[in-house]
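Residue-level structure breakdown
One-letter residues, chain by chain:
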Amino acid sequence: MRTIVDLTLKKPQIAVDALSEATGLSKQRIKDAMAKGACRWTHKGKQVRLRKAKREVKAGTRLQLFYDDIVLARKPQPAELLTDFGHYSVWFKPHGLLAQGSQWGDHCSLMRVAEVQLGKPCFLVHRLDADAAGLMLIAHDGKAAAALSECFAGRALRKVYHARVCGHLEAQALTIDTPVDDKEAISHVSTLASEASEASTVVEVIIETGRKHQIRQHLAGLGHPIIGDRLYGTADKLPLQLVAAELEFSCPLAGKKRLLRLPPELNDVVSAA
């Protein structure tokens, strides 16, 4: 079942009661959907998630429920906290886990996992494809979010990825500058290892820009799509073989150099080589 409910209360009501009446769904289902981030309300002039089912809502308040039982039934993949620097933290995002949620819910997102585990505000600093895995930074206050976002936008970070591609690819600091969506996009590719059968190759990709699907498009453009890439190659039993393996930057908050590397046991692209 997939439905959207958008209502403005004509009288004060408990949120779960109003939504249950409007949808015909049981209160238990509504509570579950609200806990998983599928309900929004207008609070202090902003549209935000409403998770407290028993909250009494004033007349004139707008409630929205984005109910999809398939989305709500999904189980989040286990993320792992690697380092907590206080103002921001470093996480391993597994394949299949979203960076942030959607209107249909956020329980299968790294942001929500971090909020629940750390019990403090979380701000998205950068993105990583849901199908990819690897390092992600999450800020815990507005100042850290702005400073770290500026690092990413200003190309002040060294971003290293590992990918397993189809076929045999010999490359050493090969620069690819094919535009992505008519925007500048620059990737540097080097071979790390290849199978004896030449069926696949593990490569390191260092990117200067962060366009959506940049690495996937650039490698596919070479004729070597990433294994498991259902968009630019061929779907596979394996998840997308792309991992964010390393981040290096000067911390704008502590003034220290940070070199963050994904633990080898979490890098399924290289460990499978």
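To be clear, the structure that these remarks concern was listed above.
The following refers to the structure shown. (Residues numbered from 1 in each chain as written. Predicted model: local features only at pLDDT ≥ 70, side-chain atom pairs only at ≥ 80, totals over all residues. Heavy atoms only, no water.)

**Overview of the overall build of the protein**
A tally of helices and strands in the protein yields seven helices and 16 strands. Taking all 273 residues of the protein together, 47% fall into the buried category. Sequence separation of at least 24 residues holds for 60% of the intrachain contacts in the protein that already meet a minimum separation of 6. As presented, the protein carries roughly 13700 Å² of accessible surface, and 50% of it is formed by carbon and sulfur atoms. For the protein, the centre of its 38 positive side-chain charges and the centre of its 30 negative side-chain charges are spaced 11 Å apart. (Helix = DSSP H or I, 4+ residues; strand = E, 2+ residues; numbered from the N terminus. Buried < 20%, exposed > 50% of the residue type's maximum accessible area, 1.4 Å probe, protein only. Contact = heavy atoms within 4.5 Å. Areas by Shrake-Rupley, 256 points an atom, 1.4 Å probe, with all protein chains shown as cover. Lys, Arg positive; Asp, Glu negative; His and termini not counted. Charge placed at Lys NZ, Arg CZ, Asp CG, Glu CD.)

**Topic: the sheet that holds strand β4 (residues 46–49)**
What the four strands build is an open sheet, ordered β1-β6-β3-β4; its pairing is antiparallel. The strands lining the two open edges of the sheet, one partner per strand, are β1 (2–8) and β4. Here the average twist between neighbouring strands, direction ignored, is 20°. (Pairing = 2+ DSSP bridges. Axes fitted to C-alpha atoms, helices over the stretch in contact; angles between N-to-C directions.)

**Examining the environment of Tyr-161**
Of note, Tyr-161 is situated in strand β11 (residues 158–166). Between the C-alpha atom of Tyr-161 and that of Ala-130, which follows or precedes it by 31 residues, the distance is 15 Å. Not counting chain neighbours up to four residues away, the residues in contact with Tyr-161 comprise Leu-128, Val-203, Glu-204, Val-205, Ile-207, Ile-215, Leu-242, Val-243, Ala-244 and Ala-245.

**Points about the pairing of β4**
By the bridge criterion, four bridges tie strand β3 (residues 39–43) to β4 in an arrangement that is antiparallel. Opposite Trp-41, over in β4, you have Val-48 as the bridge partner. Counting the residues between successive antiparallel strands, the hairpin from β3 to β4 contains two residues, one of them, Lys-44, with a positive phi of roughly 55°.

**Describing the side chain of Arg-164**
Looking at where Arg-164 falls in the secondary structure, it is placed in strand β11. On the accessibility criterion, Arg-164 (7% relative accessible area) is buried.

**Focus: the pairing of strand β14 (residues 200–207)**
With six of eight residues buried, β14 is to be regarded as a mostly interior element. Two strands pair when backbone bridges link them, and strand β13 (residues 187–194) and β14 are joined in this way by seven bridges, in the antiparallel orientation. Residue Ser-194 lies in a different strand from β14, and its bridge partner there is Thr-201. Here β13 folds back onto β14, and the loop between the two strands holds five residues, one of which, Glu-198, carries a positive phi near 65°.

**Comments concerning the pattern of salt bridges**
According to the stated counting rule, one finds 17 salt bridges in the structure shown. With a closest N to O distance of 3.3 Å, Asp-32 and Lys-36 form a salt bridge. The buried category is assigned to Lys-36, whose relative accessible area is 19%. A single salt-bridge network, built from bridges that share partners, covers Asp-129, Asp-131, Arg-216, Asp-229 and Arg-230. (Salt bridge = Lys/Arg side-chain N within 4 Å of Asp/Glu carboxyl O.)

**A word on the environment of Leu-98**
Mapped onto the elements, Leu-98 comes out in the loop between β8 (88–93) and α4 (110–118). Judged by its relative accessible area of 35%, Leu-98 is partly exposed.

**Here we look at α4**
By the burial criterion, the buried members of α4 are Leu-110, Met-111, Val-113 and Ala-114. Projected down its long axis, α4 carries its buried residues within an arc of 165°, all on one side. Close packing links the buried residues of α4 with β8, β9 (123–124) and β10 (133–139). Backbone geometry just downstream of α4 places Gly-119 in the positive-phi region, at approximately 65°. (Arc of directions from axis to C-beta.)

**A few points about the packing of aromatic side chains**
Within this structure, the stated rule accounts for three aromatic pairs. Summarising the aromatic geometry, the rings of Phe-85 and Tyr-88 are spaced 5.1 Å apart at their centres and angled 45° between planes, so their arrangement reads as tilted. According to the relative accessible area criterion, Tyr-88 is buried, its value standing at 1%. Centre to centre, the rings of Tyr-88 and Phe-249 are 6.5 Å apart; their planes meet at 55°, and the pair counts as tilted. Taken together, the positions of Tyr-88 in strand β8 and Phe-249 in strand β15 (residues 242–250) put the pair 161 residues apart, joining distant regions of the chain. Considered together, Tyr-88 and Phe-249 belong to a single accessibility category, that of buried residues. The structure contains a cluster of three or more aromatic residues connected by ring pairs, namely Phe-85, Tyr-88 and Phe-249. Between Arg-2 and the ring centre of Trp-104, over which it is positioned, the NZ or CZ distance is 3.8 Å. In this arrangement the basic side chain of Arg-258 is found over the ring face of Phe-85, its NZ or CZ atom lying 3.9 Å from the centre. (Phe/Tyr/Trp six-rings, centres within 6.5 Å; stacked < 30°, edge-to-face > 60°. Lys NZ or Arg CZ within 6 Å of the ring centre and 35° of its normal.)

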